Amino acid sequence: MAAGETQLYAKVSNKLKGRSTPLLLEPLLAMGFPVHTALKALAATGRKTAEEALVWLHDHGNDPSLDDPIPQEYALFLCPTGPLLEKLQEFWRESKRQCAKNRAHEVFPHVTLCDFFTCEDQRVECLYEALKRAGDRLLGSFPTAVPLALHSSISYLGFFVNGSPADIIREFAMTFATEASLLAGTSSSHFWIFSQVPGHGLNLRLNNTSASFVSHYILQKYCSVKPCTKQLHLTLAHKFYPHHQRTLEQLARAIPLGHSCQWTAALYSRDMRFVHYQTLRALFQYKPQNVDELTLSPGDYIFVDPTQQDEASEGWVIGISQRTGCRGFLPENYTDRASESDTWVKHRMYTFSLATDLNSRKDSEASSRCSGEFLPQTARSLSSLQALQATVARKSVLVVRHGERVDQIFGKSWLQQCSTPDGKYYRPDLNFPCSLPRRSHGIKDFENDPPLSSCGIFQSRIAGDALLDSGIRISSVFASPALRCVQTAKLILEELKLEKKIKIRVEPGIFEWTKWEAGKTTPTLMSLEELKEANFNIDTDYRPAFPLSALMPAESYQEYVDRCTASVVQIVNTCPQDTGVILIVSHGSALDSCTRPLLGLPPRECGDFAQLVRKIPSLGMCFCEENKEEGKWELVNPPVKTLTHGANAAFNWRNWMSGN
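Residues numbered from 1 in each chain as written. Predicted model: local features only at pLDDT ≥ 70, side-chain atom pairs only at ≥ 80, totals over all residues. Heavy atoms only, no water.

The chain appears in an unreviewed UniProt entry as Ubiquitin-associated and SH3 domain-containing protein A from Macaca mulatta.

Structure (structure tokens):
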């Protein structure tokens with residue numbers, strides 16, 4: 001260790017004598033890491049273990065901002081736990097499903113006690129001591145129950161905390177702020193820890209991302225913590241569409257407030273450089289093809305500045321990896337939007353109503369990173385979620401286009417490509433399905449009733465898995481008699497774990513516009529008996545609105561629209577008692593023809609209709625909800641995101657042989 005660093009370490013050790021920081025620093029310094037980077041790693045990982053800090057240091061070996069003197073920002077929140085948190089989590093999930101994402105979904109349920117403030121890396125331990133002192137001082141008077149009063153406005157919905165409990169909570173916040181400012185406050189040596197390390201002064205090697213923050217940090221000569229003095233509140237929804245206010249209020253009133261709740265004061269930190277950035281989460285692994293690209297691992301978080309994307313090509317973004325600190329290009333379709341608080345780090349908690357010393361608590365939550373779920377997945381209560389959904393008793397209809405069909409990729413001659421001279425099926429390409437179901441007239445009947453491709457099967461399973469994660473409750477399933485639609489319905493049900501509980505009701509009335517079908521006759525479709533023999537769970541007792549024999553070839557646009565209208569009306573009326581979601585799996589055209597009748601809209605002009613349908617991708621979705629209060633249906637955000645992917649051309653290895 002360099003002489004300057006040894007002297008510095010001695011000064012830091014004396015200042016923090018009796019605390020745990022030197023114990024965590026020692027193994028890192030023994031490995032040769034500079035003091036300031038070791039402290040930075042400890043602060044960035046919540047000062048839990050030296051092992052976690054070591055992993056952070058290795059990951060950030062090429063981080064250009066590693067030596068920049070930019071501290072973390074810290075905030076103190078009062079967070080509910082137990083049954084109340086479960087109910088709030090259900091509200092978060094259900095409000096997002098019914099009314100789309102709003103600002104409240106960016107952060108976990110909380111009451112802000114002290115908004116974000118900066119603190120030097122070597123003084124963070126002082127914040128822990130301040131939290132303990134404030135908690136111990138107010139533990140005896142902290143309210144056994146925190147009353148929550150619902151407040152609603154045009155763009156805000158939340159619980160207000162009033163009366164004497166609010167006064168005590170404010171006193172706790174004030175006590176923490178005072179103690180933190182005193183303990184973590186600075187002297188004239190505030191920046192000494194950076195300037196005394198040889199080669200690591202304040203003026204050296206500041207990258208573009210960090211440089212703008214240095215002047216602000218230098219002016220802040222002490223750790224200034226400001227407690228919340230305004231109305232204490234727990235936000236449920238913020239900056240939402242005005243027409244969603246009534247639905248959100250109904251969901252909020254369904255939250256039972258009689259449950260006992262243990263409240264915890266939790267100290268979190270975040271990287272102050274990326275406060276106004278978007279946060280992406282990597283879904284797949286990506287290995288860079290060029291030196292200016294980022295390595296991605298599933299679960300990585302990427303900070304993206306929307307105002308600095310001029311250099312990025314279409315489908316790519318420029319971002320900074322939270323895990324490595326490196327900047328580079330990455331494919332946007334390998335990621336999904338994450339919540340703001342997903343990258344925050346939880347440092348310490350003080351749990352009220354438990355007379356236990358903070359330093360002796362081994363609560364596993366104290367060492368976990370904050371996630372959008374706020375609780376482990378095992379805490380998900382299906383019965384309570386269903387009870388919340390049933391509170392706002394309404395019908396919903398989810399219309400889904402089928403997955404990729406095999407002739408969509410291999411053209412009209414697809415059947416000739418996969419048939420032997422004696423009429424047997426074989427698989428000439430991996431995107432052909434592994435096998436075909438048996439049909440009474442042989443393989444030729446598939447020509448105008450094609451199956452899903454292998455990619456179409458994969459697409460359908462992805463969509464079903466996403467629907468499962470969304471918490472949506474499917475109550476009944478209707479499918480067009482086209483094989484590709486019945487297959488898609490079956491695969492979605494399998495991913496929802498409902499393939500044995502819900503039977504597929506085949507409804508010919510939602511079949512494709514027959515004018516678009518090849519030939520002068522309607523295509524030969526599989527019978528219910530053939531579908532059952534092929535292991536499809538078909539409801540043979542269902543009486544369709546439009547029998548298969550009534551389908552006419554080359555029907556007019558008006559005949560098609562009337563057929564779909566009659567069918568969707570019967571479908572909705574078939575499930576009068578169900579408050580779950582009615583799933584309709586049909587063709588791209590059904591996303592328009594099966595939703596406009598519910599919305600009370602007239603049919604589109606035929607030309608506009610044709611143009612619209614061409615743009616609907618595989619597994620495209622439209623979601624309609626019944627608004628009983630206003631006596632109408634509304635089009636809302638689907639419960640899952642769209643599925644986007646690129647093309648993959650055929651490849652012939654012979655073209656690469658030498659001499660060709």
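Draft legend 1. Expanded view of the overall build of the chain. Within the chain one finds 20 helices and 18 strands. A buried classification covers 53% of the 660 residues belonging to the chain. Considering only contacts within the chain whose residues lie at least 6 apart along the sequence, 77% involve residues at least 24 apart. On the chain, roughly 31100 Å² of surface is accessible, and the fraction owed to carbon and sulfur atoms is 52%. (Helix = DSSP H or I, 4+ residues; strand = E, 2+ residues; numbered from the N terminus. Buried < 20%, exposed > 50% of the residue type's maximum accessible area, 1.4 Å probe, protein only. Contact = heavy atoms within 4.5 Å. Areas by Shrake-Rupley, 256 points an atom, 1.4 Å probe, with all protein chains shown as cover.)

Draft legend 2. Quick peek at the packing of aromatic side chains. According to the stated counting rule, one finds 28 aromatic pairs in the structure shown. Ring centres 5.8 Å apart and planes at 85° place the aromatic pair Phe 77 and Phe 108 in the edge-to-face group. Remark: Phe 108 occurs in the loop between α5 (82-99) and β2 (111-119) and Phe 77 occurs in strand β1 (residues 72-80); sequence separation between them is 31 residues. We classify Phe 77 as buried; its relative accessible area is 2%. With centroids separated by 5.1 Å and ring planes inclined at 45°, the aromatic side chains of Tyr 557 and Phe 609 adopt a geometry described as tilted. One end of the pair, Tyr 557, is in helix α17 (residues 557-574); the other, Phe 609, is in helix α20 (residues 606-613), and 52 residues separate them in sequence. Clustering of aromatic rings is evident, with ring pairs tying together Phe 77, Phe 108, Phe 116, Tyr 268 and Trp 344. Between Arg 270 and the ring centre of Phe 116, over which it is positioned, the NZ or CZ distance is 3.6 Å. Taking NZ or CZ as reference, Arg 563 lies 6.0 Å from the ring centre of Phe 546, over its face. (Phe/Tyr/Trp six-rings, centres within 6.5 Å; stacked < 30°, edge-to-face > 60°. Lys NZ or Arg CZ within 6 Å of the ring centre and 35° of its normal.)

Draft legend 3. Broad picture of the sheet that holds strand β18 (residues 632-636). Taken in spatial order, the 6 strands of this open sheet run β15-β14-β16-β13-β17-β18, and their pairing is mixed. Pairing within the sheet leaves two strands with one partner each, and these edge strands are β15 (504-506) and β18. Averaged over neighbouring strand pairs, the angle between their axes works out to 25° when direction is ignored. In this structure, strand β14 (residues 474-479) lies alongside β15, joined through 3 bridges in parallel fashion. Bridged to Val 477 within β15 is Ile 504. On top of the sheet, α17 reaches β13 (396-401), β14, β15, β16 (581-586) and β18; it is set at about 150° to β16, its chief contact. (Pairing = 2+ DSSP bridges. Axes fitted to C-alpha atoms, helices over the stretch in contact; angles between N-to-C directions.)

Draft legend 4. Expanded view of the nonpolar core. Grouped together as the largest cluster of nonpolar side chains are 56 residues, with contacts concentrated most on Leu 76, Phe 91, Leu 127, Phe 172, Phe 176, Leu 236 and Trp 263. By size, the runner-up hydrophobic cluster in this structure holds 44 residues, among which are Val 477, Val 486, Val 506 and Phe 623. (Core = buried A, V, L, I, M, F, W, Y, C linked by side-chain atoms within 4.5 Å.)

Draft legend 5. Broad picture of the side chain of His 587. Relative to the assigned elements, His 587 resides in the loop between β16 and α18 (590-593). In this structure the side chain of His 587 is engaged in a polar contact, spanning 3.3 Å, whose partner is the backbone nitrogen of Glu 512. When neighbours within four sequence positions are excluded, His 587 is seen to be in contact with Arg 401, His 402, Ser 480, Ala 482, Arg 484, Cys 485, Ile 510, Phe 511 and Glu 512. (Polar contact = N/O pair within 3.5 Å; in protein donor to acceptor, adjacent residues only side chain to side chain.)

Draft legend 6. Expanded view of the pattern of salt bridges. Taken as a whole and judged by the stated rule, the model has 25 salt bridges. For the salt bridge of Asp 167 with Arg 170, the shortest nitrogen-to-oxygen distance reads 3.3 Å. Placement of the pair is Asp 167 and Arg 170 together in helix α7 (residues 163-183), with a separation of 3 residues, close to one helical turn. Residue classification places Arg 170 among the partly exposed residues on the basis of a relative accessible area of 24%. A cluster of three or more residues bridged by salt bridges with shared partners is formed by Glu 73, Arg 103, Arg 270 and Glu 340. (Salt bridge = Lys/Arg side-chain N within 4 Å of Asp/Glu carboxyl O.)

Draft legend 7. Spotlight on the pairing of strand β7 (residues 278-282). Strand direction decides the pairing type here: β7 and strand β8 (residues 301-304), joined by 4 bridges, are antiparallel. Residue pairing for β8: Gln 278 is matched across the bridge by Val 304. As defined by bridge partners, β7 adjoins strand β11 (residues 335-337) across 3 bridges and the pair is classed as antiparallel. By the bridge assignment for β11, Ala 282 is matched with Thr 335.

Draft legend 8. Inspection of the packing of helix α14 (residues 454-470) against helix α15 (residues 483-495) at higher detail. Running from N to C, α14 and α15 cross one another at 40°; their axes reach a closest spacing of 7 Å. Judged on the interaxial angle alone, α15 and α14 are oblique. Like other packed secondary-structure pairs, α14 and α15 cross with a definite hand, here right-handed. The residues of α15 that touch α14, namely those facing Ile 457, Ser 460, Arg 461, Gly 464, Asp 465, Leu 467 and Leu 468, are Thr 488, Leu 491, Ile 492, Glu 494 and Glu 495. Grouping the amino acids of the contact of α14 with α15 by side-chain chemistry returns 5 nonpolar, 3 polar and 4 charged. (Parallel < 35°, antiparallel > 145°, perpendicular 65-115°, else oblique. Left-handed = near helix turned anticlockwise from the far one by under 90°. Nonpolar A, V, L, I, M, F, W, Y, C, P; charged D, E, K, R; others polar.)

Draft legend 9. How the structure looks around the sheet that holds strand β10 (residues 327-331). The sheet built from 5 strands is open, its strands ordered β10-β9-β8-β7-β11 with antiparallel pairing. In this open sheet, the two strands that pair with only one neighbour each are β10 and β11. For this sheet, the mean inter-axis angle between neighbouring strands, taken without regard to orientation, is 45°. Bridge count between strand β9 (residues 316-321) and β10: 5 bridges; the pairing is antiparallel. When the bridges of β10 are listed, Ile 320 appears paired with Arg 327.

Draft legend 10. Region of the structure containing helix α4 (residues 50-59). Along α4, the residues that are buried comprise Ala 50, Ala 53, Leu 54, Trp 56 and Leu 57. Looking down the long axis of α4, one finds its buried residues gathered within 160° of arc, a one-sided arrangement. Looking at α4, the residues exposed on the side facing more than 90 degrees away from the buried face are Glu 51 and His 58. (Arc of directions from axis to C-beta.)

Draft legend 11. Quick look at α17. Across its 18 residues, α17 extends 26 Å between first and last C-alpha, which sits within 8% of the 26 Å expected from 1.5 Å per residue. Within the sequence span of α17, burial applies to Tyr 557, Tyr 560, Val 561, Arg 563, Cys 564, Ser 567, Val 568, Ile 571 and Val 572. Looking down the long axis of α17, one finds its buried residues gathered within 160° of arc, a one-sided arrangement. (Expected span 1.5 Å × (residues − 1).)

Draft legend 12. Representation of unusual backbone geometry within the structure. Positive phi, normally seen in glycine, also occurs at Asn 535, with a value near 75°. Mapped onto the secondary structure, Asn 535 falls in the loop between α16 (528-533) and α17.

Draft legend 13. Representation of the confidence of the model for the chain. The pLDDT averaged across the chain works out to 83; a share of 83% of its residues lies at or above 70. The low-confidence segment residues 1-20, where pLDDT is below 50, has 27 contacts with residues more than four positions distant or belonging to other chains. Contacts for the low-pLDDT stretch residues 186-221, under 50 throughout, to residues beyond four places or in other chains number 70 contacts. (pLDDT = per-residue confidence, 0-100.)

Draft legend 14. Layout of the side chain of Asp 449. Within the element layout of this structure, Asp 449 appears in the loop between α13 (414-417) and α14. At 3.0 Å, the side chain of Asp 449 forms a polar contact with the backbone nitrogen of Leu 483. Ignoring any residue separated from it by four or fewer positions in sequence, one finds Asp 449 in contact with Arg 439, Ala 482, Leu 483, Arg 484, Thr 524, Leu 525 and Met 526.

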